[in-house]
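# Observations on the three-dimensional arrangement
Okay, here's what each chain looks like letter by letter:
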Amino acid sequence: MDSFAELGSLVRDTARCRSLGALFSLAVASALTGALVACSGGGDAPAPSPAPTPSPAPAPTPLAPIAAQLTVPTPVGYDADRLAAFNRLNEIRLSAGLGMLAQNTEMDQAAQAHAEWMIANDSFVHVETPGTPGFTGVNWAERDEAFGYVPVEGDELIASELHGAAGVDLLVNGVYHRAGMLAFEPVDVGIGWSDGVSANVSMPLVLDITRPGTDPIRGLGQSSQPSINGVAIWPLDGARDVPVRLGLEIPNPVPSEDVLSLGTPASITVEEGMTFTSVSFVITNGATGALVPAQLLNNQNDPNLLVPESFIAAIPLAPLAPGTTYTVAFSGSVLERVSGVSQSINRTWTFTTATQ
């Protein structure tokens, strides 16, 4: 039986996830200074009134994401499969030059509830139907809120038929899942996994990846590690045993082709708020020098409207050759939407596919 993976909708509904501007507003208190002195011409003068205690200076409003989380607390309550998925997810993010994701037990409950809902309703989907057994929310954001976590943007990623780390590896090999998994900003993760089997769903893994709308500091997200200069690539430079196929990703990022005929994509991720403009993105066979026919996927041409502006990929239109080294060359620029500043990006790297 083939392994399956499906991407949750990128949630940027500010009405649901709350407005950061409203969450981070700061009330400024006026500090009272000076002392009141009572004075009389004779007799016992009343004691002077005490000077009012000055109000403490307000804490400065956070203006930028926190530094990349290079350590996070050890998870609690995970079985072996959830712990393996957690560790592999953070291993991937660290190796790509991003910050780790911390366990959130409220999101754990939401993700676990959805994993069990899929088994109970024999349905491998992100959207739950009200009134069905185990219903906790129509989409992942509603489910997180139902268990006490208010998300700001983010993704839900689901896979099936694989244990722990293998499910995470399946997800990062696709484009839509990779876009969510390698986003710079998320700081928290909730993980659900069931060893249950129904007619059409087997051992579902659920990852909820986001940041908290109730925290004015961590809610701004995190930056990448300084060493990558704001650009995360995948597969990594020098990576080995890279799969030759993208795999059965739902939805298909290249609907004109059989999804199982697509090769493993190369991708670049930048921080939120940046959009790719001029781009040259090519993959060549290192042994022959032949250009690999590929489909460029970005926010402008994505047929499923799922990838963010900060993500771009080149998807080979045929499986890659086994045991072969490929060279990826990217040249382009990104525009920071708020400032209007444009910057160039030039990256060249190699990876080698698995022998079978």
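Here goes a summary of the coordinates provided. (Residues numbered from 1 in each chain as written. Predicted model: local features only at pLDDT ≥ 70, side-chain atom pairs only at ≥ 80, totals over all residues. Heavy atoms only, no water.)

### Focus on the overall build of the protein
Put simply, the test is: Helical segments are the DSSP runs of H or I of at least four residues, strand segments are the runs of E of at least two, and each set is numbered from the N terminus. To sort residues, take the accessible area from a 1.4 Å probe on protein chains only and compare it with the maximum for the residue type: under 20% means buried, over 50% means exposed, and anything in between is partly exposed. Residue contacts are defined here by distance: any two heavy atoms, one from each residue, within 4.5 Å place the two residues in contact. Accessibility throughout is a Shrake-Rupley quantity obtained with a 1.4 Å probe, and a residue counts as covered only by protein chains that appear here.
Summing up its helical and strand segments, the protein has seven helices and 14 strands in all. Looking at the protein residue by residue over its 356 residues, the buried ones come to 49%. By sequence separation, contacts in the protein at least 24 residues apart represent 73% of the contacts at least 6 residues apart. If you sum the accessible surface of the protein, you get close to 16,100 Å²; carbon and sulfur atoms cover 56% of it.

### A closer look at the pattern of salt bridges
Filter applied, for reference: Salt bridge, as used here: a side-chain nitrogen of Lys or Arg that lies within 4 Å of a carboxyl oxygen of Asp or Glu.
Tallied over the entire structure, the rule returns nine salt bridges. Taking the shortest distance from any N to any O, the salt bridge between Arg-88 and Glu-91 comes out at 2.8 Å. Of the two residues, Arg-88 and Glu-91 both sit in helix α3 (residues 80-95), three residues apart, roughly one turn of that helix. Of the charged contacts in the structure, one is a salt bridge between Asp-169 and Arg-88, with a shortest N-O distance of 2.6 Å. One end of the pair, Asp-169, is in helix α6 (residues 164-172); the other, Arg-88, is in helix α3, with 81 residues separating them in the sequence. For Asp-169, a relative accessible area of 30% gives the class partly exposed. It is possible to trace a salt-bridge network through shared partners that takes in Arg-88, Glu-91 and Asp-169.

### Points about the packing of α3 against α6
Heads up, the rule is: Simply put, an axis is a line fit to the C-alpha atoms, just over the touching stretch for a helix, and the angle between two N-to-C directions goes from 0 to 180 degrees. For classification purposes, an angle smaller than 35 degrees is called roughly parallel, one larger than 145 roughly antiparallel, one from 65 to 115 roughly perpendicular, and anything else oblique. Definitions for this section: a left-handed crossing has its near helix turned counterclockwise from the far helix by less than a right angle. A right-handed crossing has that turn clockwise. Each residue is assigned to one of three groups, with Ala, Val, Leu, Ile, Met, Phe, Trp, Tyr, Cys and Pro labelled nonpolar, Asp, Glu, Lys and Arg labelled charged, and all others, Gly among them, labelled polar.
Two elements in contact, α3 and α6, have axes separated by 6 Å at closest approach and are oriented at 40°. One way to sum up the angle between α3 and α6 is to call them oblique. For the pair α3 and α6, the sense of crossing is right-handed. In this structure, α3 uses Asp-81, Ala-84, Ala-85, Arg-88, Leu-89 and Ile-92 to contact α6, whose residues at the interface are Gly-164, Ala-165, Val-168, Asp-169 and Val-172. When the residues that make up the contact of α3 with α6 are grouped by side-chain class, the tally is seven nonpolar, one polar and three charged.

### Overview of the sheet that holds strand β13 (residues 325-336)
Stated precisely, the cut-off is as follows: Criterion used throughout: strands pair if DSSP finds at least two bridges between them.
One open sheet holds the four strands; their spatial order is β7-β14-β13-β10, and the pairing between them is mixed. Looking at which strands have only one partner, the edges of the open sheet turn out to be β7 (239-242) and β10 (274-285). Averaged over all pairs of adjacent strands, the angle between their axes in this sheet comes to 30°, without regard to strand direction. As judged from the eleven bridges shared by β13 and strand β14 (residues 342-353), these two strands associate in the antiparallel manner. Across the sheet, Ala-329 pairs through a bridge with Thr-348, a residue of β14.

### A short note on the pairing of strand β9 (residues 266-269)
With burial as the criterion, each face of β9 is covered, one bearing Ala-266 and Ile-268 and the other bearing Ser-267 and Thr-269. Looking at chain direction, strand β6 (residues 232-234) and β9 are connected through three bridges and run antiparallel. Bridge pairing in β9 places Ile-233 opposite Ile-268. Bridge count between β9 and strand β12 (residues 311-316): four bridges; the pairing is antiparallel. Bridge pairing in β12 places Ser-267 opposite Ala-313.

### Some remarks on α3
Definition in use: Residue count minus one, scaled by 1.5 Å, sets the expected span of a helix. The arc in question is formed by the directions pointing from the helix axis toward the C-beta atoms.
Between its first and last C-alpha, α3 extends 22 Å over 16 residues, near the 22 Å set by a 1.5 Å rise per residue. Asp-81, Arg-82, Ala-85, Phe-86, Leu-89, Asn-90, Ile-92 and Arg-93 are the residues of α3 that are buried. Looking down the long axis of α3, one finds its buried residues gathered within 160° of arc, a one-sided arrangement. Of the residues trailing α3, Gly-97 is marked for its positive phi of about 90°.

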